[in-house]
Amino acid sequence: MKHFFIKGFLLVSIAFLQACGGSSDEKIYTISTDISNASFSNEIFQQSTQSIAVQVTFEGDGILVGFPPEQDPVPWLAYRAENVTDNSATIFIEVINEERLRADTYASKLRIAVSNDNGEKFASKDIDVSLLVWQLTPTTAKLNYSATLGDASVASQQFDIISENNQWAASSDVDWLSLDVTSGTGNGTITVTANTQEFIASGIKQGNIILTEVTSGDSKVLPVDLALDNIYYQADTPVIALTKTTNIEALEKTLNISNNSEHVYPWQASTEADWLTLTIIDDNKLHITADSSLTQTNAVNTAEIIITSIDENAVYSENVIVNFYHSDLVVENKIIEPTSIDDGAIVTSPALPVFYTAAENTLRKYHQYTGELENTLIVSPEGTLLEQLIIHPRGDYILAKALETIPNDDETTTEVVHRYRINLADNTITELLDADILYEPTDIVRLSSRYFVITQTLEYANEALQVQFWNSANAYFASDIDVAKQRNNIYALNYSTATINRYTTQVNDFGEQSILTTLTHEYRPESLADDQFINNFVIADDEKHLYTISETTEWSTFDGTSFIDQGLLEATAGIVTLQLEKNQSNQPHFLRINTTNLDGFYVDIYDEQQNISATIQTEGNQPSSMKISSDGQRLILNANAADPLVTDRIELVTLTP
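Cut-offs used in this document
- Residues numbered from 1 in each chain as written.
- Predicted model: local features only at pLDDT ≥ 70, side-chain atom pairs only at ≥ 80, totals over all residues.
- Heavy atoms only, no water.
- Helix = DSSP H or I, 4+ residues; strand = E, 2+ residues; numbered from the N terminus.
- Contact = heavy atoms within 4.5 Å.
- Areas by Shrake-Rupley, 256 points an atom, 1.4 Å probe, with all protein chains shown as cover.
- Buried < 20%, exposed > 50% of the residue type's maximum accessible area, 1.4 Å probe, protein only.
- Lys, Arg positive; Asp, Glu negative; His and termini not counted.
- Salt bridge = Lys/Arg side-chain N within 4 Å of Asp/Glu carboxyl O.
- Polar contact = N/O pair within 3.5 Å; in protein donor to acceptor, adjacent residues only side chain to side chain.
- Pairing = 2+ DSSP bridges.
- Axes fitted to C-alpha atoms, helices over the stretch in contact; angles between N-to-C directions.
- Core = buried A, V, L, I, M, F, W, Y, C linked by side-chain atoms within 4.5 Å.
- 1 Å grid on protein atoms, 1.4 Å probe; cavity = no way out; pocket = protein on both sides within 12 Å on 5 of 7 lines; lining within 4 Å.
- Points joined across faces, edges and corners; volume = space filled by probe spheres on them.
- Nonpolar A, V, L, I, M, F, W, Y, C, P; charged D, E, K, R; others polar.
- Phe/Tyr/Trp six-rings, centres within 6.5 Å; stacked < 30°, edge-to-face > 60°.
- Lys NZ or Arg CZ within 6 Å of the ring centre and 35° of its normal.

Engineer: Help me get a handle on the overall build of the chain, residues and values and all.
Structural biologist: Broken down by element type, the chain carries one helix and 56 strands. Taking the principal axes of the C-alpha coordinates as reference, the chain spans close to 130 × 70 × 50 Å. Of all intrachain contacts in the chain linking residues separated by at least 6 positions in sequence, the fraction that spans at least 24 positions is 57%. About 30500 Å² of surface is accessible on the chain, with carbon and sulfur atoms providing 46% of the total.

Structure (structure tokens):
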């Protein structure tokens, strides 16, 4: 800056404006201005558009404008003359280079003078010029609050003011915002509280915090958004699968009913299906029973349950689909072979008695009880491999990926990633061309009645695979993800640290980000040694029980605050646990083998008291993955053998003892 001052302003800028007419020895030279000082103020790092006009009247042959001899030139001041006549002119004073100045008060002086040609006659008028460069810099560009309509409060937020000893005042232009500090000098901290109780409708509420520099009266605004989400009823599952065959019966289901607000809103349940009986157990439970005598046999009977508010119209209803598979079939274990599929290429339908696999570039649909191949759909280009099947929680569609290798003219190749959404109702295929996720999707989750796709690094995307939220600064590769459905909380396994991380979620229809997550716990079981890891886990929908596969612990409890390591459920020497899944009733299913005998692979099913309620033998081959049907009655095992001499196959095993 010093060099800039010297080079740019070493010469005093003097403008000589020659008016018409000649000089006269008798003429008395005079000059007057309408102001004697000019004060400017400007926010630090900002360019100014301020200009002050000085009206000058004079008697003389012309006027001179510049810095007086006793005043050093300054780099922040400029001037120009307009509207010059033989006895008047307008001098415009402006500040320049102000965005390069530090916060401070600057002063200078301009002299406006009249003189004759040889300088023998002279009159002048000085204009004192000051520039206040002020700083009131908040540490955030905007405050965003996210809450649900009816919430009693929302967490306050703080921001700091960075200032170079400027005196300031703070206020709000809306009555629902309050500040704990409204004035200060220099640096400061303000806590802002948003009052959510004033509103009777959801939506985005906007206001401003006004920061005023007291000396100049200049001000700036800090925008504030309060996003009040809609209220939704939510069942812990949006779809129910019931079954009645000759030897299998699953006719009942209890739903947990909640909403995404702090309040309990009374609800009612209704259905038009005469074969369904609905019983409200308490404020948050609905029991559903199907009467098979009133349904069509050898068919899937479909009904809808509607959860609505009794007296609060602002709550969005919940629609639960019930699919009842009624058949006179005698269900037996089935083996489908030869069938070679990857573990990520098999999913069970949450709505129907079917499962899907990817084979080459096709999607195949199998009946989970008969084992019959019901449909084959070509999805991706020939020569590609369809993979990464992810099914929607309602069973509406499947997300899938295919990698296509395209040869180039220069004998190189280009890999193109295709991402598809396959509508399971009509088998239509949509390629998702606007996806912007950076990592591979792993799950579609339902949070507060809305759906998100989660990737392996916990990117949260919409159903078009466009990222809505990602804490990239704290990202890691999650080897497993699960949802506590009654709490709308996410659990993710960080394999490298052997920790299970718990995240609360805030979903909002109106916020700048439709979802936000907060890490609350990083749980590593106490019994786990430094060199031991967790291979898999499931969390109960109410969060009370956490089941894991590790060398030292298989069960932990959670009371809402702390996790407690309860150790192994099966401590018998020689027993190895390979897979872990939970059914819709939150019962953990551990796939195991006893290496001390030849009984083969089996599944231990545990009840709510962590006792084994059933042990089911598989069909013999070692499974690489395990799925449980949505009615909880069928096990789908991908026996993708490592031994090339053993045929790859899918085993369908009945879970009823």
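There's more to say after this.
Engineer: Explain the side chain of Glu459 to me, using residue names and the numbers behind them.
Structural biologist: Structurally, the position occupied by Glu459 is in the loop between strand E39 (450–455) and strand E40 (460–461). There is no salt bridge for the buried Glu459, and the closest opposite charge comes from Arg419, which lies 8.2 Å off by N-O distance. For Glu459, the side chain forms a polar contact with the main-chain nitrogen of Leu438, separated by 3.0 Å. Among the polar contacts made by the side chain of Glu459, one reaches the side chain of Thr455 at a distance of 2.9 Å.

Engineer: Please provide a residue-by-residue account of the sheet that holds strand E43 (residues 489–494), values included.
Structural biologist: Pairing is antiparallel across the open sheet formed by four strands, whose spatial order is E42-E43-E44-E45. The sheet is open, and its two borders are formed by strand E42 (478–484) and strand E45 (515–523), each paired with just one other strand. Direction aside, the axes of adjacent strands within the sheet are offset by 25 degrees on average. Here eight bridges tie strand E44 (residues 499–507) to E45, and the two strands are oriented antiparallel to one another.

Engineer: Lay out the nonpolar core with the relevant residues and their values.
Structural biologist: Ranked by internal contacts, the top residues of the largest apolar core, which has 49 residues, are Ile190, Val192, Ile209 and Leu276. The element best represented in this core is strand E18 (residues 219–229), accounting for four residues. Excluding anything up to four places from it in sequence, Val192 contacts Leu143, Tyr145, Ser156, Gln157, Phe159, Leu177, Ser178, Leu179 and Ile209. Residues Tyr29, Phe58, Trp76 and Tyr79 belong to the second largest nonpolar core, which totals 30 residues.

Engineer: Describe in detail the side chain of Arg649, supporting the description with residues and values.
Structural biologist: Mapped onto the secondary structure, Arg649 falls in strand E56 (residues 649–654). Overall, the relative accessible area of 10% leaves Arg649 in the buried class. Aside from chain neighbours lying at most four places away, what touches Arg649 is Ile335, Ile336, Glu337, Thr339, Glu619, Gly620, Asn621, Leu637, Asn638, Ala639 and Asn640.

Engineer: Report on empty space enclosed by the protein, specifying residues and quantitative values.
Structural biologist: Enumeration according to the criterion identifies three cavities of 30 Å³ or more in this entry. Size it by volume and the largest cavity reaches roughly 50 Å³. Considering the residues around the largest cavity, the lining is formed by Gln388, Ile390, Leu399, Ala400, Lys401, Arg419, Tyr420, Pro441 and Leu465. When contributions to the lining of the largest cavity are tallied by element, the ones reaching two or more residues are strand E34 (386–391), strand E35 (397–407) and strand E36 (413–423). Across the lining of the largest cavity, the residue classes tally to six nonpolar, one polar and two charged. Taken as a whole, the second largest cavity holds about 40 Å³ of empty space. At the level of secondary structure, the elements contributing two or more residues to the lining of the second largest cavity comprise strand E20 (239–244) and strand E28 (318–326). Counting residues per element, the lining of the second largest cavity draws most heavily on E20, which supplies three residues.

Engineer: Just give me the short version of the pattern of salt bridges, but keep the residues and values in it.
Structural biologist: Scanning the entire structure with this criterion turns up 22 salt bridges. Note that Lys220 is salt-bridged to Glu43, the shortest N-O span being 2.5 Å. Note that Lys220 is positioned in strand E18 and Glu43 in strand E3 (residues 37–43), a separation of 177 residues in sequence. Just as Lys220 is buried, Glu43 falls in that class too. Taking the shortest distance from any N to any O, the salt bridge between Glu440 and Arg419 comes out at 3.1 Å.

Engineer: How would you sum up the environment of Leu255? Please name residues and give values.
Structural biologist: Assignment of secondary structure puts Leu255 in strand E22 (residues 252–259). Leu255 gets classed as buried once you look at its relative accessible area, which sits at 0%. Once you skip the residues sitting within four places of it in the chain, Leu255 turns out to touch Ala235, Asp236, Thr237, Ile240, Asn284, Lys285, Leu286, Ile288 and Val320.

Engineer: Tell me about the packing of aromatic side chains, and name the residues and values.
Structural biologist: Counting across every chain of the model gives 16 aromatic pairs. Relative to Tyr369, the ring of Tyr325 lies with its centre 5.7 Å away and its plane at 5 degrees, an arrangement referred to as stacked. With Tyr325 in strand E28 and Tyr369 in the loop between strand E32 (362–367) and strand E33 (373–378), this residue pair connects regions lying 44 residues apart in the sequence. For Tyr325, a relative accessible area of 8% corresponds to the buried category. For Tyr369, a relative accessible area of 1% gives the class buried. A centroid spacing of 5.6 Å and a plane angle of 80 degrees characterise the contact between Phe590 and Tyr606, whose relative ring orientation is edge-to-face. Note that Phe590 is positioned in strand E51 (residues 588–594) and Tyr606 in strand E52 (residues 601–606), a separation of 16 residues in sequence. Through successive ring pairs, a cluster of aromatic residues spans Tyr491, Tyr523, Phe558 and Phe563. If you follow Arg80 out to its NZ or CZ, it ends over the ring of Phe92, 4.5 Å from the centre. Positioned over the ring face of Tyr397 is Arg421, at 5.3 Å from the centre of the ring.

Engineer: Which residues make up the environment of Tyr602, and what values go with them?
Structural biologist: With respect to the element layout, Tyr602 can be found in strand E52. Using a relative accessible area of 9% as the deciding quantity, one classes Tyr602 as buried. If we ignore the near neighbours within four places in the chain, the residues touching Tyr602 are Ile575, Phe590, Leu591, Arg592, Ile593, Asn594, Thr615, Ile616, Gln617 and Thr618.

Engineer: How would you explain unusual backbone geometry if you had to name every residue and give the values?
Structural biologist: The omega torsion across Glu337 and Pro338 is -10 degrees, close enough to zero to call that bond cis. Of note, Pro338 is situated in the loop between strand E29 (334–336) and strand E30 (346–348). Of note, the phi angle at Phe45 is positive, near 70 degrees, even though the residue is not glycine. Examined against the element boundaries, Phe45 turns out to sit in the loop between E3 and strand E4 (51–59). Positive phi values are uncommon outside glycine, yet Asn83 reaches one of about 55 degrees. Of note, Asn83 is situated in the loop between strand E6 (77–82) and strand E7 (88–95). Asn83 sits in the exposed class, given a relative accessible area of 55%.

Engineer: Tell me about the pairing of strand E48 (residues 555–558), and please be specific about residues and values.
Structural biologist: Here E48 shows two buried faces, one formed by Trp555 and Thr557 and the other by Ser556 and Phe558. Relative to E48, strand E47 (residues 545–549) runs antiparallel, the two being bridged by three bridges. What sits directly across from Tyr547, in E48, is Trp555. Connecting E47 to the next strand, E48, in antiparallel fashion are five residues. Looking at chain direction, E48 and strand E49 (residues 563–565) are connected through three bridges and run antiparallel. Following the sheet pairing, Phe558 is matched in E49 by Phe563.

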